[in-house]
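# Remarks on the overall topology
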Amino acid sequence: MKKNTDAYLGFALMWREDHFLSLAEDKLKKTYSGFFMESLSFEPQFSRYYHKEMGAPLYKKFVLTNTVIDKSTIKDIKIEAVSMEDSLRVDGKRTVNIDPFYMDKDQIVVSTSKYRGNRIYIGDGVFVELELFYHHGSFQPFVWTYTDYKDHIPFFNDLRKKLK
């Protein structure tokens, strides 16, 4: 009963120093066959949660890899991403935040280690959240969708067209 279980793997990357972003990207490109497409870098509007640990200003971008995954593997990929973050820590603090997501023609699902009421627990400290769904010719947000994802709907729509 295998239906619609494949999706493209992507990452939301947040950093302060470009050096650490480069190290993280090198690891991700090696592990996941390079990047298919990436958004422009931007300063996230609601990132104060990370300022104490990572400093400010912070920058963020979305990247889609060349790797197609089985959606059920997102938990293991999130655990690997946390390990990558840990390997780049300085004085116990993260230098890069790496949030894996998957994308298919209908949805963008983000993995996280933080609980909120709308997130679904999938084990080993990992939750998933449907951020955007495709309806009426465009990806659509939910009330809980992060502003970063809402602001980048044109990017995700463009990705969807290129992947079709």
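Up top is the structure these notes are about.
To keep things clear, this report deals only with the structure shown in the data block. (Residues numbered from 1 in each chain as written. Predicted model: local features only at pLDDT ≥ 70, side-chain atom pairs only at ≥ 80, totals over all residues. Heavy atoms only, no water.)

## Points about the environment of Met-103
Basically, it comes down to this: The helix and strand labels rest on DSSP assignments: H or I over at least four residues marks a helix, E over at least two residues marks a strand, and numbering proceeds from the N terminus. We call a residue buried when its accessible area falls under 20% of the maximum for its residue type, exposed when it is over 50%, and partly exposed in between, using a 1.4 Å probe and counting protein chains only. What makes two residues a contact is simply this: any of their non-hydrogen atoms within 4.5 Å.
You can see Met-103 is positioned in strand E4 (residues 96-103). For Met-103, a relative accessible area of 1% gives the class buried. Sequence-wise, Met-103 and Lys-71 are 32 residues apart; in three dimensions their C-alpha atoms are separated by 9.2 Å. Each residue touching Met-103, except ones within four places of it in the same chain, is listed here: Ala-7, Tyr-8, Leu-64, Ile-108, Phe-139, Phe-156, Leu-159, Arg-160 and Leu-163.

## What about the nonpolar core?
Just so we agree on the cut-off: What we call a nonpolar core is a set of buried Ala, Val, Leu, Ile, Met, Phe, Trp, Tyr and Cys residues that are connected through their side-chain atoms within 4.5 Å.
Core analysis: the largest hydrophobic core is formed by 23 residues, its most contacted members being Leu-9, Phe-11, Leu-13, Leu-28, Val-96 and Ile-98. Of all the secondary structure elements, the ones that give two or more residues to this core are strand E1 (6-15), helix H1 (18-31), strand E3 (59-70), helix H3 (74-87) and E4. Among the elements that line this core, the one with the most residues is E1, at five residues. Counting residues in each nonpolar core, the second largest holds 16 residues, with Phe-62, Leu-64, Leu-132 and Leu-159 among its members.

## Examining the pairing of strand E6 (residues 120-123)
Definition in use: DSSP bridges decide pairing: two strands pair if at least two such bridges lie between them.
Both E6 and strand E7 (residues 126-135) contribute to a ladder of three bridges, which runs antiparallel. Residue pairing in the sheet places Ile-120 in a bridge with Val-128 of E7. Linking E6 back to E7 in an antiparallel pair, the connection comprises two residues, with Asp-124 at a positive phi of about 55°.

## Some points on the packing of aromatic side chains
This is how the line gets drawn: Only Phe, Tyr and Trp rings are paired, with Trp represented by its six-membered ring, and only when their centres lie within 6.5 Å; those with planes under 30 degrees apart are stacked, over 60 edge-to-face, the remainder tilted. Either the NZ atom of lysine or the CZ atom of arginine qualifies as a charge over a ring when it sits within 6 Å of the ring centre and within 35 degrees of the ring normal.
The tally for this structure, following the rule as stated, stands at 16 aromatic pairs. An aromatic cluster of at least three residues, connected via ring pairs, comprises Phe-42, Phe-62, Phe-101, Tyr-149, Phe-155 and Phe-156. Its guanidinium or amino end placed over the ring of Tyr-146, Arg-116 lies 5.1 Å from that ring's centre, counting from NZ or CZ.

## Describing the layout of surface pockets
Filter applied, for reference: The rule is simple: put a 1 Å grid over the protein atoms alone, call a set of points where a 1.4 Å probe fits but cannot get out a cavity, call an open set with protein on both sides within 12 Å along at least five of seven lines a pocket, and count a residue as lining if it has an atom within 4 Å of a point. Grid points are joined across faces, edges and corners, and a volume is the space filled by probe spheres set on the points. Each residue gets one label: Ala, Val, Leu, Ile, Met, Phe, Trp, Tyr, Cys and Pro are nonpolar, Asp, Glu, Lys and Arg are charged, and the others, such as Gly, are polar.
Size it by volume and the largest pocket reaches roughly 390 Å³. Taken together, 23 residues line the largest pocket, and the ones lying closest to its centre are Phe-46, Tyr-50, Lys-60, Tyr-146 and Asp-148. Elements that contribute at least two residues to the lining of the largest pocket include exactly E1, helix H2 (48-54), E4, strand E5 (107-112), E7 and helix H4 (147-151). Its residues assigned to classes, the lining of the largest pocket shows nine nonpolar, six polar and eight charged.

## Describing unusual backbone geometry
Of the consecutive residues Ala-56 and Pro-57, the connecting peptide bond is found in the cis state with omega at 0°. With respect to the element layout, Pro-57 can be found in the loop between H2 and E3. Phi at Ser-33 takes a positive value of approximately 60°, unusual for a residue other than glycine. Structurally, Ser-33 can be placed in the loop between H1 and strand E2 (35-38). Of note in the backbone geometry, Asp-91 takes a positive phi value of approximately 55° without being a glycine. By the secondary structure assignment, Asp-91 is in the loop between H3 and E4.

## Section: the side chain of Arg-119
Rules: In protein, a polar contact requires one atom able to donate a hydrogen and another able to accept it; more generally it is a pair of N or O atoms within 3.5 Å, and residues adjacent in sequence count only if both atoms are side-chain atoms.
Its location among the elements puts Arg-119 in the loop between E5 and E6. For Arg-119, a relative accessible area of 6% translates into the label buried. A distance of 3.0 Å separates a polar atom in the side chain of Arg-119 from a polar atom in the side chain of Glu-129. Dropping the residues within four chain positions of it, Arg-119 is found in contact with Thr-112, Lys-114, Phe-127, Val-128, Glu-129 and Tyr-146.

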